Amino acid sequence: MGHDCARVKLIEIADSAGRDALPALTPLTETPLSLPEPEKRARLNRVLARLAELGNPSGERAEMPVGAAYGAIQVDSDACTLCHACVSNCPTPALKSGGKTPALSFLEADCVQCGLCEQACPENAITLMPGFLASNARETRHICHEEAAFECISCGKPFATVSTVATIKQKLANHPYFAGDAMIRLEMCEDCRVKDVWKTMIRDPDAQLKV
Ligand code: SF4
Ligand code: SF4
């Protein structure tokens, strides 16, 4: 953060002499930092933001050892299908889905480098990057990956991403249950898929077994 190392001092709770010897607040820091947030990480982030504000952050990412509680993740856009398994497993708000549009976003300040997203990703698209970004950019959420929604070929409702449908079709290409017309149902939403199954059964009752 570009501060003199002497700015941070550790004093024991009972060391009142050490506490009294602390330098007086300068005009810039006249208001002591108040930390009302109940979450420890949120309080830590406020302290780091204040240090960045008063210091001279390099803007660089300092390398940290594997297992450090600071860092980012790298998402391979070519592999990510936006399944959001990583979002469901992330114990902090670091990873979020895009809401109304298929997207994955990341906030470095909230990432504790636990690695659960990396382990949960079925496409091996996530790599942990331990390190500390000495800049307020760590407080800015950015999009890791986004893509167009896949619309149901029957009713037009968006129900998945283009890459999810392509991946599932590829994985089930040789599966006997999806031979012939059944494969096309993977391009239908959950409602149209069921309707199409019933239409098939009415036309050909023997098809029930195939269904
Ligand atoms: S990074 Fe992996 S787990 Fe996360 S949305 Fe993409 S494919 Fe799914
Ligand atoms: S490493 Fe942990 S905290 Fe960071 S994004 Fe992945 S699951 Fe979330």
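Residues numbered from 1 in each chain as written. Chains lettered and ligands numbered in written order. Predicted model: local features only at pLDDT ≥ 70, side-chain atom pairs only at ≥ 80, totals over all residues. Heavy atoms only, no water.

This next bit is on the domain arrangement of the protein. Parsing the protein into structural domains produces domain 1 (5-54), domain 2 (61-146) and domain 3 (149-210). When each unit is reduced to the centre of its C-alpha atoms, the spacing between domain 1 and domain 2 is 29 Å. In this complex, domain 1 contributes six residues to the contact, which on the side of domain 2 involves 11 residues. For the domain 1 face of the interface with domain 2, the top three residues by lost area are Arg41, Asn45 and Leu48, together amounting to 74%. Run the count over domain 1 and domain 2 and you get zero salt bridges. (Domains from an automatic or database assignment. Contact = heavy atoms within 4.5 Å. Buried area = accessible area lost by both parts, 1.4 Å probe. Salt bridge = Lys/Arg side-chain N within 4 Å of Asp/Glu carboxyl O.)

The next thing to look at is the nonpolar core. Counting 17 residues, the largest nonpolar core has Ile73, Val75, Leu95, Leu104, Phe106 and Ile126 as its most contacted members. Residue assignment for this core shows that the elements contributing at least two residues are β2 (71-75) and β4 (103-106). Top contributing element to this core by residue count: β2, with three residues. Discounting residues that sit within four places of it in the chain, Leu95 has contacts with Ile73, Cys86, Val87, Cys90, Leu104, Ser105, Phe106, Cys117 and Arg141. (Core = buried A, V, L, I, M, F, W, Y, C linked by side-chain atoms within 4.5 Å. Buried < 20%, exposed > 50% of the residue type's maximum accessible area, 1.4 Å probe, protein only. Helix = DSSP H or I, 4+ residues; strand = E, 2+ residues; numbered from the N terminus.)

Let us look at the site of ligand 2. Around ligand 2, the structure places 13 residues, and the nearest of them are Cys90, Cys111, Cys114, Gly115 and Cys117. Its residues assigned to classes, the shell around ligand 2 comprises 10 nonpolar, three polar and no charged. (Near = heavy atom within 4 Å. Nonpolar A, V, L, I, M, F, W, Y, C, P; charged D, E, K, R; others polar.)

Before going further, it helps to spend a moment on the sheet that holds β2. Read across the sheet, three strands follow the order β1-β5-β2 without closing on themselves; strand pairing throughout is antiparallel. Each edge of the sheet is formed by a strand with only one pairing partner; in this case those strands are β1 (61-63) and β2. Neighbour to neighbour, the strand axes of the sheet diverge by 55 degrees on average, direction disregarded. Where β1 and strand β5 (residues 126-133) come together, three bridges link them in antiparallel fashion. Each bridged residue has a counterpart across the sheet, and for Ala62 the counterpart in β5 is Phe132. (Pairing = 2+ DSSP bridges. Axes fitted to C-alpha atoms, helices over the stretch in contact; angles between N-to-C directions.)

As a further point, take helix α5 (residues 162-171). Considered for burial, the residues of α5 that qualify are Ser163, Thr164, Val165 and Thr167. The secondary structure elements touched by the buried residues of α5 are β7 (149-151) and β8 (158-161).

Under the defined criterion, the tally for this structure stands at zero disulfides. Lacking any disulfide linkage, Cys155 is separated from the closest cysteine sulfur, that of Cys152, by 3.7 Å. Under the relative-accessibility criterion, Cys155 is labelled partly exposed at 45%. (Disulfide = S-S within 2.5 Å.)

Position of Phe150 relative to the elements: it lies in strand β7. Once residues lying within four places of it in the same chain are set aside, the contact partners of Phe150 are Lys157, Pro158, Phe159, Ala160, Thr161, Val162, Val165 and Glu187.

So, on to a nonpolar patch on the surface. A cluster of nonpolar side chains, Val194, Trp198 and Ile202, forms an exposed patch at the surface whose accessible area comes to about 360 Å². Taking the relative accessible area as the measure of exposure, Ile202 reaches 69% and is therefore exposed. (Patch = residues over 30% accessible without salt bridge, like charges linked within 9 Å, V, L, I, M, F, W, Y side chains within 5 Å. Areas by Shrake-Rupley, 256 points an atom, 1.4 Å probe, with all protein chains shown as cover.)

Below, the discussion takes up the packing of aromatic side chains. A complete count under the given rule lists two aromatic pairs for this structure. On the basis of an interplanar angle of 80 degrees and a centroid distance of 5.3 Å, the ring pair of Tyr70 and Phe132 is categorised as edge-to-face. Linking Tyr70 in the loop between β1 and β2 with Phe132 in strand β5, this pair joins segments that are 62 residues apart in sequence. For Phe132, a relative accessible area of 15% puts it in the buried group. On the basis of an interplanar angle of 85 degrees and a centroid distance of 5.8 Å, the ring pair of Phe150 and Phe159 is categorised as edge-to-face. (Phe/Tyr/Trp six-rings, centres within 6.5 Å; stacked < 30°, edge-to-face > 60°.)

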